[in-house]
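Residues per chain, in single letters:
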Amino acid sequence: MDLQSILSSVLDEVYEKNEYPALAALESEWTHTRPFDGLRVLVATPIYRNTMTEYRALVAGGADLLVGFSGMNDPDVVDFMREWGVPVVTPAEMLEAESRGEFVDLVLDCAGPFAVLHPKIGFVELTRSGVNYYKNAEKPVYVADSGIVKRIETSLGTGDGYFRALEKLGFGGDFEGKKLLVFGSGKVGSGIALQGVRRGCNVTVVTDLKRGVAQNSSNSETMPAGDFSAVLLQNDVAVVDCHDYAAVASLIENSDFVVTATGVKNALAAPELTEALLSTKATLANMGVEDEYGESVPAEKVLNDKGPLNFILEEPTHLKYIDTSLALHAALAERLVQEAATLDEAFDASPDAAPSAENAAGLRFPPQEIEQRLLTIAIQNGVIGPEICSMLGGIPTDMD
């Protein structure tokens, strides 16, 4: 049995196609077009059952698949992939392979652990937190998080995952009237905050109110993060400046739940905040990959030892919310292949010509036509089509 059929034997038992319409469309198309024939493709998304849908689409496109192992995974899925002959590799193992002259063609990364590699074609980075690892990249790097599509996962799915994880740990039931304090007003933070509003929480968001001014002067090379403070205020969410330590410390002391979603290491490490965090009776959690609380706050004080709380779940983010993110991750890899082919043709025609901007190294946004196509598929064929429409109507739809 081939790998695509093996993956289908698992996925078709638990998912309907309307939960992953964008990936299903790519898989159907790539079965015929085979854009990755002969290419070694390393995929470093967290290794869970739902991310196997991305593996299957790439394999349908002819990819010689490697799975990147970087800490966030379901051991059973890791074992399953290995049992069927798929290499599950660490960054160190891949660097050793490179020393033997064994290179991959494409790296589809998540949070930057494989940025140290030297793929023949280029990278696609799935997350905002991984961007810093690619600032000096010598190959083209598409950042999937810098467009519209990723907001489905972060604004809808991550907030849902936070509350599902709380419920799994016994904090569920009635959130009505509970005080929820969220650090960060980007896509993830605002998604958690708005999910809290829907569940009846009294929500306050702590953010850098000066950041918007700096963002207005940013360019695409810096990949600025989105800020949705205005949207939060429209939904009766209080917004407090992170530099007002006295006010923030008081909020920490008097909240029922505190969750970090800034994506910034040590974001809450100021002494005034540390004191409040150590004394509060609030339930503390993190929803980013970095330790935002700082070393002075012990890991045992924070749920899941400061790791992303939703990763205690069998499915950290429901497939219906990450389908378009994973599809964009894969579709941008196809775009890199197409651009490399164009560059090769141009070089054959004119060996002395300089690379075009389209083929240059460095960070880049997802092409809008790819995002629009995936969004259209998800809205028309996906079970969360109405949720996506509501989201796009409630937050800005220009690029971050």
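Residues numbered from 1 in each chain as written. Predicted model: local features only at pLDDT ≥ 70, side-chain atom pairs only at ≥ 80, totals over all residues. Heavy atoms only, no water.

### Re the packing of aromatic side chains
One pass over the structure, following the stated rule, counts 8 aromatic pairs. Between tyrosine 162 and phenylalanine 163 the ring centres are 5.0 Å apart and the planes differ by 75°, which places this aromatic pair in the edge-to-face class. Across the pair, phenylalanine 163 and tyrosine 162 agree in class, each one buried. Taking 6.4 Å as the distance between ring centres and 85° as the angle between the ring planes, the aromatic pair formed by phenylalanine 171 and phenylalanine 257 counts as edge-to-face. On the criterion of sequence distance, the pair formed by phenylalanine 171 in the loop between helix 6 (150–168) and strand 7 (179–183) and phenylalanine 257 in strand 10 (residues 257–260) is long-range, its members being 86 residues apart. By relative accessible area, phenylalanine 171 is classed as partly exposed at 31%. Ring pairing ties together the aromatic residues Tyr162, Phe163, Phe171, Phe175 and Phe257, which thus form one cluster. One cation-aromatic arrangement involves arginine 364 over tyrosine 142; the distance from NZ or CZ to the ring centre is 5.0 Å. (Phe/Tyr/Trp six-rings, centres within 6.5 Å; stacked < 30°, edge-to-face > 60°. Buried < 20%, exposed > 50% of the residue type's maximum accessible area, 1.4 Å probe, protein only. Helix = DSSP H or I, 4+ residues; strand = E, 2+ residues; numbered from the N terminus. Lys NZ or Arg CZ within 6 Å of the ring centre and 35° of its normal.)

### Describing the sheet that holds strand 8 (residues 202–207)
Spatially, 5 strands are ordered 9-8-7-10-11 in an open sheet, and the strand pairing comes out parallel. Because the sheet does not close on itself, it has two edges, and the strands there are strand 9 (238–241) and strand 11 (283–286). On average, each strand axis in the sheet is inclined to that of its neighbour by 20°, with strand direction left out of account. Sheet topology places strand 7 next to strand 8; 5 bridges connect them, and they run parallel. (Pairing = 2+ DSSP bridges. Axes fitted to C-alpha atoms, helices over the stretch in contact; angles between N-to-C directions.)

### Some thoughts on the sheet that holds strand 1 (residues 40–43)
Taken together, the 7 strands give an open sheet; going across it, the order is 3-2-1-4-5-6-12, and neighbouring strands pair in parallel fashion. This sheet does not close on itself; its edge strands, each paired only once, are strand 3 (88–89) and strand 12 (362–364). As paired elements, strand 1 and strand 2 (residues 64–68) share 4 bridges and run parallel to each other. Looking at the pairing, arginine 40 lines up with aspartate 64 of strand 2. Contacting strand 1, strand 2 and strand 4 (106–109), helix 3 (residues 52–60) crosses the sheet at an angle of about 170° to strand 1. (Contact = heavy atoms within 4.5 Å.)

### Re the pattern of salt bridges
Under the counting rule described, the total for this entry stands at 16 salt bridges. Residue glutamate 153 pairs with lysine 150 through a salt bridge whose shortest N-O separation is 3.4 Å. With glutamate 153 and lysine 150 both in helix 6 and 3 residues apart, this pair spans about one turn of that helix. Two residues, glutamate 369 and arginine 335, come together in a salt bridge whose shortest N-O distance is 3.1 Å. Of this pair, glutamate 369 sits in helix 13 (residues 368–381) while arginine 335 sits in helix 12 (residues 319–349), and the two are 34 residues apart along the sequence. Residue classification places glutamate 369 among the partly exposed residues on the basis of a relative accessible area of 49%. (Salt bridge = Lys/Arg side-chain N within 4 Å of Asp/Glu carboxyl O.)

Treat this as a map of the structure, not an account of what it does.
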